[in-house]
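# Fold and geometry: a report
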Amino acid sequence: MSSTLINLSDIQIESLELKSLLGDVRRFEKDILLASTGERRDIDQAEARWVDSLRKAQEQLQKIRKEIDEHRGQVMIDTTAIDQAIGNYVRGVRELLPKLKESNFPSLQEANVQLSDAKGNIYKLAEELNRIVEDAEEHEEQALRRLAEQRTQLFTAMVAIGAFSLVLSIALSISITRTCLSISRNLEHQALHDTLTGLLN
């Protein structure tokens, strides 16, 4: 149970971390658009930062996959759909990059419009990550409720066993006391009476 709770917590943390890294990807994507108004090397540097942030996001997705495998599917996460969303976004940005590097590059407004479909994939991905976090949190709450129920049942069982042990010990004490009294009376009778005649000594 404790390992399940830890794993669910890890899924939430890793998903939120991926969401944060996707925010970095989007930030560096905007840097590319802004750099397109400057020199070619400015675009190249912005693109390099974007590629690096994308690599970190994909590495984070691998961590989520690992957590899912360890959790054995209680939290439903379609990592294939996440891969496709990231892939579609990357293709959209890469299709625009050569145009931004041309002398007659589109305006920032036009570039932003061309990226609208690509950005839509990131928005959907952010929604999916929110769902994953909420789903993991719900499973975590269910696990905590089960744990509380098990503790209550264990406490009830321990109280019942304790009560039974007390009753049994009292019954044994009474039985032993009666046996001792009976033996004591017999010994007293034997001491006061002749064993053959039964008469008082």
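Structure's up top.
Along every chain, residues carry numbers that run from 1 in the direction the sequence is written. Note on the predicted model: pLDDT of at least 70 is required for a residue's local features to be given, and 80 or more for side-chain atom pairs to be given and counted; whole-chain, interface and lining totals, by contrast, use all residues. The side-chain numbers reported here are obtained from all heavy atoms of the structure, hydrogens and water having been left aside.

## Observations concerning the overall build of the protein chain
Secondary structure is summarised from DSSP: a helix means a run of H or I of at least four residues, a strand means a run of E of at least two, and numbering begins at the N terminus for each. Scanning the protein chain from terminus to terminus reveals five helices and zero strands. Listing every helix and strand of the protein chain by position from the N terminus yields α-α-α-α-α. Across the protein chain, the fraction of contacts at a sequence separation of at least 24, relative to all contacts at a separation of at least 6, is 75%. Here the open area of atoms and residues is found with the Shrake-Rupley method and a 1.4 Å probe, where only the protein chains shown may cover a residue. Surface summary for the protein chain: the accessible area is close to 13,100 Å², and the carbon and sulfur share equals 56%. Residues count as neighbours in contact if any of their non-hydrogen atoms are within 4.5 Å of one another.

## Description of the packing of aromatic side chains
Two aromatic rings from Phe, Tyr or Trp, using only the six-membered ring of Trp, form a pair when their centres are within 6.5 Å; if the ring planes differ by under 30 degrees the pair is stacked, by over 60 it is edge-to-face, and anything between is tilted. Taken as a whole and assessed by the stated rule, the structure comprises one aromatic pair. For a Lys NZ or an Arg CZ to count as sitting over a ring, it must be within 6 Å of the ring centre and within 35 degrees of the ring normal. Above the face of the Phe 28 ring, Arg 27 is positioned so that its terminal group lies 4.5 Å from the ring centre.

## Points about the side chain of Ser 53
You can see Ser 53 is positioned in helix H2 (residues 40-71). Not counting residues up to four positions away in its chain, the partners in contact with Ser 53 are Asp 24, Val 25 and Phe 28.

## Comments concerning the pattern of salt bridges
The salt bridge criterion pairs a side-chain nitrogen of Lys or Arg with a carboxyl oxygen of Asp or Glu, the two atoms within 4 Å. Taken as a whole and assessed by the stated rule, the structure comprises eight salt bridges. Salt-bridge contacts for Arg 26 lead to Glu 29; the nearest nitrogen and oxygen are separated by 2.7 Å. Pair noted here: Arg 26 and Glu 29 are both in helix H1 (residues 2-35), with a separation of three residues, about one helical turn. Each of the two residues, Arg 26 as well as Glu 29, counts as buried. Within the structure, one salt-bridge network assembled from shared partners comprises Asp 52, Arg 55, Lys 56 and Glu 59. A 1.4 Å probe rolled over the protein chains alone gives each residue an accessible area, and that area as a share of the maximum for its type sets the label: buried under 20%, exposed over 50%, partly exposed in between.

## As for a negative patch on the surface
Each patch groups residues whose relative accessible area exceeds 30% and which form no salt bridge, using 9 Å between like charges and 5 Å between nonpolar side chains of Val, Leu, Ile, Met, Phe, Trp and Tyr. Here the positive residues are Lys and Arg and the negative ones are Asp and Glu; neither His nor the chain ends is included. By convention, charge coordinates are those of NZ in Lys, CZ in Arg, CG in Asp, or CD in Glu. Judged by side-chain charge, Glu 134, Glu 137, Glu 138 and Glu 141 come together as a negatively charged surface patch. The residue Glu 138 is located in helix H5 (residues 116-192) in this model. Residue Glu 138 is classed as partly exposed on the basis of its relative accessible area, which comes to 43%.

## Describing the nonpolar core
In this text, buried Ala, Val, Leu, Ile, Met, Phe, Trp, Tyr and Cys residues form a nonpolar core when linked through side-chain atoms within 4.5 Å. Grouped together as the largest cluster of nonpolar side chains are 35 residues, with contacts concentrated most on Leu 18, Leu 22, Ile 32, Trp 50, Ile 86, Tyr 89 and Leu 125. Counting residues per element, the ones that place at least two in this core are H1, H2, helix H3 (79-100) and H5. In terms of residue count, H1 provides more of this core than any other element does, 10 residues in total. Look past the residues within four positions of Ile 86 in its chain and what remains in contact with it is Leu 54, Gln 58, Leu 61 and Leu 125.

## A short note on a nonpolar patch on the surface
Residues Phe 164, Leu 168, Leu 172 and Ile 176 make up a contiguous nonpolar surface patch of roughly 410 Å² in combined accessible area. As for its position among the elements, Leu 172 is in helix H5. The exposure class of Leu 172 is partly exposed, given its relative accessible area of 47%.

## Some words on the side chain of Arg 26
By relative accessible area, Arg 26 is classed as buried at 11%. Setting aside anything within four residues of it in sequence, one finds Arg 26 in contact with Tyr 89, Lys 119, Ile 122 and Tyr 123.

## A closer look at H3
Multiplying 1.5 Å by the residue count of a helix minus one yields the expected span of that helix. Its 22 residues give H3 an end-to-end C-alpha distance of 31 Å, which sits within 8% of 32 Å, the value for a rise of 1.5 Å per residue. Among the residues making up H3, those that are buried are Thr 79, Ile 82, Ala 85, Ile 86, Tyr 89, Val 90, Gly 92, Val 93, Leu 96, Leu 97 and Leu 100. Angularly, the buried residues of H3 cover 160 degrees about the axis, an arc narrow enough to put them on a single face. Directions drawn from the helix axis to the C-beta atoms are what define this arc.

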